[in-house]
Amino acid sequence: MSESKAAGKVLDVFNTLLNAGFEGSTIEQISHSSDMTYSSVRRALKTLEQHQFAFEYTAPGSKVVYWRIGEGVVHIANNYRKQALRAIESIETQYFETT
């Protein structure tokens, strides 16, 4: 499989997790939603887990394993927010300097 196809599968799984929200999804649910095989989904999830973009958990009192979005997403969102605020502050400074 080409690198771009593999990356596309990982991103498809990531998007499915994002759409699942805080409840998360089982590998079977992700497989069904993304039209990918169980083993392809599992590989994609393990790749996301290595980079802290996903993690697996078992709900208390259950044997069902769910996957959820990991803290790596929070770090990216926070960094993006900081960059956006810096850009806004720069524009604001330029605006006040010219008016």
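Here goes a summary of the coordinates provided. (Residues numbered from 1 in each chain as written. Predicted model: local features only at pLDDT ≥ 70, side-chain atom pairs only at ≥ 80, totals over all residues. Heavy atoms only, no water.)

Describing the overall build of the chain
- A tally of regular secondary structure across the chain gives four helices and two strands.
- Element order for the chain, N to C, with α for helix and β for strand: α-α-α-β-β-α.
- Taken over the C-alpha trace, the chain has a radius of gyration of 18 Å; the compact-globule value for 99 residues is 13 Å, which it surpasses by more than 25%.
- Along the longest, intermediate and shortest principal axes, the C-alpha atoms of the chain span 60 × 40 × 20 Å.
- Burial status across the chain gives 22% buried among its 99 residues.
- Working note: accessible area of the chain is about 7,300 Å², and carbon and sulfur atoms make up 55% of it. (Helix = DSSP H or I, 4+ residues; strand = E, 2+ residues; numbered from the N terminus. Rg over C-alpha atoms; globule rule 2.2 N^0.38 Å. Buried < 20%, exposed > 50% of the residue type's maximum accessible area, 1.4 Å probe, protein only. Areas by Shrake-Rupley, 256 points an atom, 1.4 Å probe, with all protein chains shown as cover.)

Here's the deal with the nonpolar core
- Core analysis: the largest hydrophobic core is formed by 13 residues, its most contacted members being Val-13, Leu-17, Ile-30, Val-41, Leu-45, Leu-48 and Trp-67.
- Setting aside its immediate chain neighbours within four residues, Leu-48 contacts Val-10, Val-13, Phe-14, Leu-17, Phe-53 and Ala-54. (Core = buried A, V, L, I, M, F, W, Y, C linked by side-chain atoms within 4.5 Å. Contact = heavy atoms within 4.5 Å.)

Structural notes on the pattern of salt bridges
- Taken as a whole and judged by the stated rule, the model has two salt bridges.
- For the salt bridge of Glu-49 with Lys-46, the shortest nitrogen-to-oxygen distance reads 3.1 Å. Of the two residues, Glu-49 and Lys-46 both sit in helix α3 (residues 38-50), three residues apart, roughly one turn of that helix.
- Judged by its relative accessible area of 27%, Lys-46 is partly exposed.
- As a salt-bridge pair, Glu-56 and Lys-46 come within 3.4 Å of each other at their nearest N and O atoms. Separated by ten residues along the polypeptide, Glu-56 in strand β1 (residues 54-58) and Lys-46 in helix α3 bring together distant segments of the chain.
- Overall, Glu-56 belongs to the partly exposed group, its relative accessible area being 33%.
- Beyond isolated ion pairs, a larger network of salt bridges with shared partners links Lys-46, Glu-49 and Glu-56. (Salt bridge = Lys/Arg side-chain N within 4 Å of Asp/Glu carboxyl O.)

Notes on the pairing of β1
- Where β1 lies against strand β2 (residues 65-69), five bridges are found, and the strand directions are antiparallel. In the sheet register, Glu-56 faces β2, and the bridge partner there is Trp-67.
- The loop that links β1 with its antiparallel partner β2 comprises six residues; one of these, Gly-61, has a positive phi angle of about 80°. (Pairing = 2+ DSSP bridges.)

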